[in-house]
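# Geometric and topological summary
Given next are the chains, with one letter for each unit.
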Amino acid sequence: KYLGDRYHFSQVVIFTFAVMLVLVSAVGYWQQGAEAFRIKKKGLVCLRAVLSVAVGALNVYVMPHLQLTTFYTLVFTSPLFVAVMSSLILKEKLEKRQLAAIVAGFAVILFVFKPGAGLFSIYAVLALLSSFLYAISAIVMRKIGPDEHVTVIVNVGCVFTVVAMLPLMWGKYVMPTAVDLIPLVLMGVMCAIAISCIAYSYQNAASAASIAPYHYTQIVYGALIGYFFFH
């Protein structure tokens, strides 16, 4: 949100995913050497990468145009999508307490954030689309399973994203200031950690629905960051 007011969204996405690529590759090679880069399920890994391109680009594009409260309200629809799709597509058992936690969490989001007219803008629709595509990505990661190394899953997504965003950055590149390099690098580092954790959890958890409710913990971070940094 901070960088979106200064640079074209494609430049922010490229820089973030380039940092992710370097960091995740280094960690993967340190863990398992060349084996960490061997792709076993090419079709599913590439599908997940295409979804990563869409989700990453949409989030960076819409965030400068929405209040964080509205953005998080829309993003928090993804646990509902994940729970329903895991039950319908993966035939995973959806326990009543899991469904209750997901629905209750979403009800709290609506009550706390009280979304207003911003929900009816094109940017809000794109944020909702991003949430839906993220849920599909989670289902794909479940299908990939624990046999594929996290390094492969994250890196293929990074490469796809950088390649897709390069044409959009043509003629819009702005040399980052020394001050802005700090959040640009930090964004890449934090995204690398976050996406690696998410991929590993969806690959190895008992079910996708058991992971989805933890998405709601972002209500704390989102509310505090929105209040202190963006008033």
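Everything below is about the structure printed above this text.
Residues numbered from 1 in each chain as written. Predicted model: local features only at pLDDT ≥ 70, side-chain atom pairs only at ≥ 80, totals over all residues. Heavy atoms only, no water.

### Describing the environment of Asp147
Looking at the element boundaries, Asp147 is found in the loop between helix H6 (122–144) and helix H7 (150–169). Residue classification places Asp147 among the exposed residues on the basis of a relative accessible area of 52%. (Helix = DSSP H or I, 4+ residues; strand = E, 2+ residues; numbered from the N terminus. Buried < 20%, exposed > 50% of the residue type's maximum accessible area, 1.4 Å probe, protein only.)

### Observations regarding the pattern of salt bridges
Enumeration according to the criterion identifies four salt bridges in this entry. The closest approach of N and O atoms between Arg6 and Asp180, which form a salt bridge, is 4.0 Å. Placement of Arg6 in the segment before helix H1 (9–32) and of Asp180 in helix H8 (residues 178–204) is noted, with a sequence separation of 174 residues between them. We classify Asp180 as buried; its relative accessible area is 4%. (Salt bridge = Lys/Arg side-chain N within 4 Å of Asp/Glu carboxyl O.)

### Describing helix H3 (residues 68–75)
Of all eight residues in H3, seven are buried; the element is thus mostly enclosed. Of the residues making up H3, those classed as buried are Leu68, Thr70, Phe71, Tyr72, Thr73, Leu74 and Val75.

### Observations regarding the packing of aromatic side chains
In the structure shown here, the tally under the stated rule is four aromatic pairs. Ring geometry for Tyr227 versus Phe228: centroids 5.0 Å apart, planes at 90°, classification edge-to-face. Of the two residues, Tyr227 and Phe228, both sit in the exposed class. Aromatic ring contacts, followed pair by pair, group Phe9, Tyr61 and Tyr123 into a single cluster. (Phe/Tyr/Trp six-rings, centres within 6.5 Å; stacked < 30°, edge-to-face > 60°.)

### Looking at the nonpolar core
Core analysis: the biggest nonpolar cluster contains 64 residues, and Met20, Leu66, Phe71, Val82, Val154, Met165 and Tyr202 have the highest contact counts within it. For this core, the element with the highest residue contribution is H6, accounting for ten residues. In contact with Val82, not counting residues within four places along its chain, are Ala135, Ala138, Ile139, Tyr202, Ala208 and Ala212. (Core = buried A, V, L, I, M, F, W, Y, C linked by side-chain atoms within 4.5 Å. Contact = heavy atoms within 4.5 Å.)

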